[in-house]
Amino acid sequence: MALIRDLVVQGVQMALVVLLAPLVTGLTRKVKARLLRRRGPPLIQPYRDIVRLARKETVLADNASWLFRVAPYMIFAATWVAAALVPTFATGLLFNWAADLIAIVALLGSARFFLALAGMDVGTSFGGIGASREAMIASLAEPAMIMIVFSLALLVGSTQLSTIAAFMVSPDVGLRVTLGLALVSLVMVGIAENARIPVDNPATHLELTMVHEAMVLEYSGRHLALIELAASLKLLLYLSLIACLFLPWGLVPRRPELSAATVAAYGLGGAAYVAKLGFGCVMLALFETAIAKMRVFRVPTFLGAALMLGFLGALLLFVSRGL
Amino acid sequence: MPVTILLWCVLALLVLAVAVAAVGLARRGGGASVVYGATAAIAAAACLAALAGRGADAAVVRLPLGLPWIGANFRVDALSALFLVIVNFGAAGASLYAIGYGRHETAPERIVPFYPAFIAGMNLVLLADDAFTFLISWEFMSLASWALVLAHHRVADNTRAGLVYILMASFGTFALLLAFGLLAGPDGGYAFEAMRAAHPAPAHAALVLVLVLLGAGSKAGLVPLHVWLPLAHPAAPSHVSALMSGVMTKVAVYAFVRAMFDLAGPPDWWWGLAVIALGGASALMGVLYALFQSDIKRMLAYSTIENVGFVFVGLGLSLAFAANHLDAAAVLALTAALFHALNHSLFKSLMFFGAGAVLTATGKRDIETMGGLIHRMPQTALAMLAGAVAISALPPFNGFVSEWMTFQAILLSPQMPQWALRLGVPAVGALLALAVALAAACFVRLYGVAFLGRPRSPAAAQAHEADRVSVGVMLALAVLCLLVGILPGYVIDAMAPVAQGLLGARMPRQAAVAWLTLVPFSESRSSYNGLLVFLFIAASASLAAYAIHRLASRATRRAPIWDCGFPDPSPATQYTAASFAQPIRRVFGTLLFRARETVEMPPPGDLRPARLTVRLDDVVWTTLYAPLAGGVRIAADRLNVMQFLTIRRYLSLVFAALVILLMVIAIWR
């Protein structure tokens, strides 16, 4: 019985992330538009886009290989699995322990690997430029992410997200400079990984400035729908990750018994999660509106700062413990 | 007894080598295939014997060879059994692959006799139980592989590769000779048993560490001793490259583990720091070098340096933990390192086989002339894709598991009291994360340029699929990479006796954990389940595919490339390997490789095309080896005078040397 309950909760989480992901994109776009005094597309526009793309005919380049056709499914599946393993409204889900934070980051790496390959499959210069820049950004973002993981593991003694979330709501955590630095660093990594301003512009149509969009230039129809959904899922994943690590209130720990109270707690957790996501979208839109896109070769400075912040956080923790 | 069986296998390989050389079997049609088939069978038998012998108690077999008062001692314990399995499995795979690949060989008589001898040499190193046998076998292995490197000696760069290799190999053996001399002590206890019993003084042990790092590190390809590796490994035929990169570097790892974990006595914490620093530097430099190459086999050789760096970081961590008596952590780090060594032997062999297939199909090694091979060689492309994912340490393949374990070991470093380790290890951790991400970039580049896109040369457009045997071996290795990745618990359990023997502790039993999850310590700390992740990905991908095919439009149309409306039919407009690496070169190259880009713009009215030249400086070579080579040359020029003296002068020189030596001894006493 408990197993079935756990499976159901896990299934709800998997469905929830897919269903909410386009909304996150829609909300961010809407808030950005309002900040620019535009009316903006309706909140459900991303859903409509995906449905419309799925209904359309898929146009494949003459020399597209099987990899090009398989890649969207791989990208979507890897991102979806990663998103399903981050605690959203409840911790201690059935499969949370299948992958810790390092494995979740690596799963996103698998998705990126296939995306970059797909960009190079047809043999255009735009696909290549996108893949090459994505590889550079990823190679700088990954060490920064590891430093964040290191700070957290040092503090909590675990890389398991459920354990970290449980620690963060406990009174042991206190107010720590390290956590602040890790948060800033994680936000910077998230911005770079999700191709947001100032690293990349998700709304750009100027080819030479594109990174993510350049890689998916040759995709159309159902394949593009999957890739767009995967991109939204990745944004949702990073928002959930930040929420789970730094705003863990409302997360429901694993409960042995199934009662009305449990169901109510799950409902409350879900509401808290949606509220956190909304807050994250608004903050992201505010940040993106306030800042200009930077040159590609200033990205290393940006991500280098994220790495150094993570390192500084770990160092401060050592110093505070050593004294 | 596994030792006896293994010795018989070695003997069979040696007899095979001699027979081939004597009879000239190689020159006859099909003769090479027979030799490769026999080698594969013997290696498979040896692999099985080692597998069976890993748990058995280690008995010494003593043959009346070598130094009369020691004899030649051979023994198999858990550590050597693990490496025997790696070596013989790799050798069996390479021999099977060579049955198909070797048919394209132009001069088989220069390869076939040395090939079984090389495998026999590696086996002997692992079996040796005294310093004398070990060094003889080590040198035998080096010389056999050197002969294989020079198989195509008329190719311009290969003679230089052979020269650099033999110099570095001799230097390495020399360093190991001195290291064993120090371990044996003044009484000359050359048997490993005697060395294990006697613990050297701390100063001697430090010197042993340096010498072993020089000797084993130069064979493994640690930066800055790596210079020979990217020259020699690609020069050999591809199945030999796979053996040298995938397997022989593991023999060097074995030598390091044997000397430092087993023979040198209890470790000091700073040993770990030195090894970790060298490993981290190798990981980063290796992958950066690989990113700037366009020769497919040379890229793979540099990537070997990266992976060896990873292994040595694990070994160094293990030494540091062991010095602080943190046994569980030391075992985790050692297991991670050994597991990575095993994984690397699998996927690096696979990648070199793929490179060999590409080389046969196109006749080229430069990836800038390839492109679109996925259409011409679909099975090779599939196997290479699996290899690329595995070597980039992406889940659910095997490379990720060992790197995950290494990171878990790094996260335990704050338990150590030394500040240098506490601060240094996280920095190396960031360095490793950088190396992993760059490795992914490197293999996206390799795969994307060589296999995807449009053909850049007629040879690439005319390429053909490799023969069935080769393809079968590659696909089998690809499946094995996946299997080890999703069921790592069994492999880790099988390796448990190694750590038990060296550190006196073992990892918690993994096969007993529910759902076959990998749990190094406790579930609340960290866990990874490759099987579930794989099933999850497969299920979600199938679900997505099912939903799309049921609900979405299935209409598909083929059309010309879109490319923002301006497609250019020339394949030269594709992104090249050099342009792919350009952003990374800008970020890292200026500092580490003194990369300089000069744009040569002709004046207005001049019809010459503009040129962009990129110059990379191999810092290690120019700062370390070039001055050394220059110094040797100057000294040789000066000493050349000595060659043309009269007999009287020679005699007086001999006399003077004798007197001086006697005086030195008199003063010493």
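This structure is a prediction, so every number in the text was calculated from the model and none was measured.

What counts, and at which threshold
- Residues numbered from 1 in each chain as written.
- Chains lettered and ligands numbered in written order.
- Predicted model: local features only at pLDDT ≥ 70, side-chain atom pairs only at ≥ 80, totals over all residues.
- Helix = DSSP H or I, 4+ residues; strand = E, 2+ residues; numbered from the N terminus.
- Buried ≥ 20, exposed ≤ 12 C-beta atoms within 10 Å, placed from the backbone.
- Contact = placed C-beta atoms within 7 Å.
- Rg over C-alpha atoms; globule rule 2.2 N^0.38 Å.
- Domains from an automatic or database assignment.
- Pairing = 2+ DSSP bridges.
- Expected span 1.5 Å × (residues − 1).
- Bend = angle between axes of the 7 residues up to and from the residue.
- Axes fitted to C-alpha atoms, helices over the stretch in contact; angles between N-to-C directions.
- Parallel < 35°, antiparallel > 145°, perpendicular 65-115°, else oblique.
- Left-handed = near helix turned anticlockwise from the far one by under 90°.
- Nonpolar A, V, L, I, M, F, W, Y, C, P; charged D, E, K, R; others polar.
- Core = buried A, V, L, I, M, F, W, Y, C linked by C-beta atoms within 7 Å.
- pLDDT = per-residue confidence, 0-100.

Novice: Quick question: what am I supposed to make of the overall build of chain A here?
Specialist: In terms of helices and strands, chain A carries eleven helices and one strand. When the helices and strands of chain A are listed from N to C terminus, the series reads α-α-β-α-α-α-α-α-α-α-α-α. With the principal axes as the frame, chain A shows a C-alpha extent of 60 × 50 × 45 Å. Within chain A, the fraction of its 323 residues that count as buried is 60%. In chain A, the proportion of contacts linking residues at least 24 apart, taken out of those at least 6 apart, comes to 80%.

Novice: I would appreciate a short explanation of the overall build of chain B in the present structure.
Specialist: The helix and strand tally for chain B stands at 24 helices and five strands. Since a compact globule built from 669 residues should have a radius of gyration of about 26 Å, the 26 Å found for chain B is in line with a globular shape. Per-residue burial over chain B gives 55% buried out of 669 residues. Taking contacts inside chain B between residues at least 6 apart in sequence as the whole, the part at least 24 apart equals 79%.

Novice: What exactly am I supposed to notice about the domain arrangement of chain B here?
Specialist: Reports of interface size often rely on the accessible area that becomes lost once the parts have come together. Residues and elements named next belong to chain B. Splitting chain B by domain gives domain 1 (1-201 + 220-265), domain 2 (266-511), domain 3 (576-615) and domain 4 (619-668). Facing the 41 residues of domain 1 at the interface are 44 residues of domain 2. Listing elements by their share of the side of domain 1 that touches domain 2, those giving two or more residues are helix 3 (78-101), helix 9 (229-235) and helix 10 (238-263). Ranked by residues supplied to the side of domain 1 that touches domain 2, first place goes to helix 10 with 15 residues.

Novice: Any chance you could explain the pairing of strand 5 (residues 611-615) of chain B here in plain terms?
Specialist: Consecutive side chains along a regular strand alternate between the two faces of the sheet. Residues and elements named next belong to chain B. Burial analysis of strand 5 places just zero of its five residues in the buried class, which makes it a mostly uncovered element. Direction of pairing for strand 4 (residues 596-600) relative to strand 5: antiparallel, over a ladder of five bridges. The residue bridging Arg596 from the neighbouring strand is Arg615, located in strand 5.

Novice: Looking at this structure, how should I read unusual backbone geometry?
Specialist: Note on backbone geometry: most residues besides glycine have negative phi, and most peptide bonds are trans. Pro198 of chain A follows Ile197 of chain A through a cis peptide bond whose omega is 10°. Assignment of secondary structure puts Pro198 of chain A in the loop between helix 7 (177-193) and helix 8 (212-215). With an omega of 5°, the peptide bond between Val223 of chain B and Pro224 of chain B qualifies as cis. As for its placement among the helices and strands, Pro224 of chain B is situated in the loop between helix 8 (202-220) and helix 9. Phi at Ala195 of chain A takes a positive value of approximately 55°, unusual for a residue other than glycine. Within the secondary structure, Ala195 of chain A is located in the loop between helix 7 and helix 8. Even without being glycine, Ala393 of chain B reaches a positive phi, approximately 60°. Mapped onto the elements, Ala393 of chain B comes out in the loop between helix 15 (378-391) and helix 16 (398-411). We classify Ala393 of chain B as buried; it has 29 C-beta atoms within 10 Å.

Novice: Would you mind showing me how to read helix 22 (residues 577-592) of chain B here?
Specialist: In an α-helix, one turn spans 3.6 residues; hence positions three or four apart end up facing the same way. All names here are of chain B. When the terminal C-alpha atoms of helix 22 are compared, their 20 Å separation across 16 residues is substantially less than the 22 Å that a helix rising 1.5 Å per residue should span. Maximum bend of helix 22: about 60°, positioned at Arg585. Within two residues after helix 22, Arg594 carries a phi angle of roughly 45°, on the positive side.

Novice: So what exactly am I meant to see when it comes to the packing of helix 4 (residues 101-121) of chain A against helix 17 (residues 419-450) of chain B here?
Specialist: As a packed pair, helix 4 of chain A and helix 17 of chain B sit with axes 10 Å apart at the nearest point and diverge in direction by 30°. As judged from the angle between their axes, helix 4 of chain A and helix 17 of chain B are roughly parallel. In the packing of helix 4 of chain A onto helix 17 of chain B, the handedness of the crossing is right-handed. Residues Gly109, Phe113, Ala116, Leu117 and Met120 of chain A of helix 4 of chain A form the contact with helix 17 of chain B, whose own contacting residues are Ala440, Val444, Tyr447 and Gly448 of chain B. For the contact of helix 4 of chain A with helix 17 of chain B, the residue count by class is seven nonpolar, two polar and no charged.

Novice: Mind showing me how you'd approach the nonpolar core here?
Specialist: Soluble globular proteins: nonpolar side chains tend toward being buried together. Grouped together as the largest cluster of nonpolar side chains are 381 residues, with contacts concentrated most on Val81 and Leu117 of chain A together with Leu6, Val212, Val251, Leu438 and Tyr447 of chain B. The residues contacting Leu438 of chain B, other than those within four sequence positions of it, are Ser139 of chain A together with Val287, Leu288, Leu291 and Ile584 of chain B.

Novice: When you look at the interface of chain B and chain A in this model, what are you seeing that I'm missing?
Specialist: If you look at the interface, chain B gives 71 residues, while chain A gives 73 residues. Put simply, the parts of the chain that give the side of chain B that touches chain A at least two residues each are helix 14 (373-376), helix 16, helix 17, helix 21 (530-551), strand 3 (556-559) and helix 22 of chain B. Considering every element that reaches the side of chain B that touches chain A, the biggest residue donor is helix 17 of chain B, with 14 residues. The class makeup of the residues in the side of chain B that touches chain A is 44 nonpolar, 19 polar and eight charged. For strand 1 (residues 58-61) of chain A and strand 3 of chain B, the ladder comprises four bridges, and the chain directions are parallel. Its bridge partner lying in strand 3 of chain B, Ala61 of chain A is registered against Ala559 of chain B.

Novice: Looking at this structure, I do not really get the environment of Ile75 of chain A. What am I missing?
Specialist: Residues and elements named next belong to chain A. Within the element layout of this structure, Ile75 appears in helix 3 (residues 66-85). The class of Ile75 is buried, set by 29 C-beta atoms lying within 10 Å. Counting along the chain gives 40 residues from Ile75 to Leu115, while the straight-line C-alpha distance between them is 6.7 Å. If near-sequence neighbours (up to four positions away) are discounted, Ile75 is found in contact with Ala111, Phe114, Leu115, Ile227 and Ala230.

Novice: I tried to follow the environment of Arg506 of chain B on my own but got confused; where do I start?
Specialist: Residues and elements named next belong to chain B. With respect to the helices and strands, Arg506 occurs in the loop between helix 20 (488-503) and helix 21. Sequence-wise, Arg506 and Leu653 are 147 residues apart; in three dimensions their C-alpha atoms are separated by 61 Å. Beyond its immediate sequence surroundings of up to four residues, Arg506 is in contact with Val331, Ala496, Ala499 and Gln500.

Novice: I'm lost on the packing of helix 4 of chain A against helix 5 (residues 125-156) of chain A in this one. Help?
Specialist: All names here are of chain A. Contact geometry for helix 4 and helix 5: axes closest at 9 Å, N-to-C directions at 170°. When the interaxial angle is binned, helix 4 and helix 5 end up roughly antiparallel. Where helix 4 approaches helix 5, its residues Leu101, Ile102, Val105, Arg112, Ala116, Gly119 and Met120 are matched on the opposing element by Gly127, Gly128, Gly130, Ala131, Glu134, Ala135, Ala138, Met145 and Val149. Considering only residue class, the contact of helix 4 with helix 5 consists of ten nonpolar, four polar and two charged.

Novice: I'm lost on helix 23 (residues 619-639) of chain B in this one. Help?
Specialist: Residues and elements named next belong to chain B. Here helix 23 spans 30 Å end to end across 21 residues, near enough to the 30 Å set by a 1.5 Å rise per residue. Along its length, helix 23 shows its largest kink, about 35°, at Tyr625, and proline Pro627 lies within four residues downstream of that point. Among the 21 residues that make up helix 23, zero are buried, leaving the element largely open to the surroundings.

Novice: I'm lost on the confidence of the model for chain B in this one. Help?
Specialist: Should pLDDT be low for a region, the predicted coordinates there are not to be read in detail. Chain-level statistics for chain B give a pLDDT mean of 91 and a share of 99% at 70 or above. Both scores are given for the predicted complex: the pTM is 0.95, the ipTM 0.95.

Novice: Is there a simple way to think about the environment of Gly215 of chain B in this case?
Specialist: Residue and element names in this part refer to chain B. Here Gly215 lies in helix 8. A residue is classified by how many C-beta atoms lie within 10 Å of it, and Gly215, with 28 of them, is buried. It is 6.0 Å that separates the C-alpha atoms of Gly215 and Thr173, two residues lying 42 residues apart in sequence. Once residues lying within four places of it in the same chain are set aside, the contact partners of Gly215 are Gly172, Thr173, Ala175, Leu176 and Ala179.

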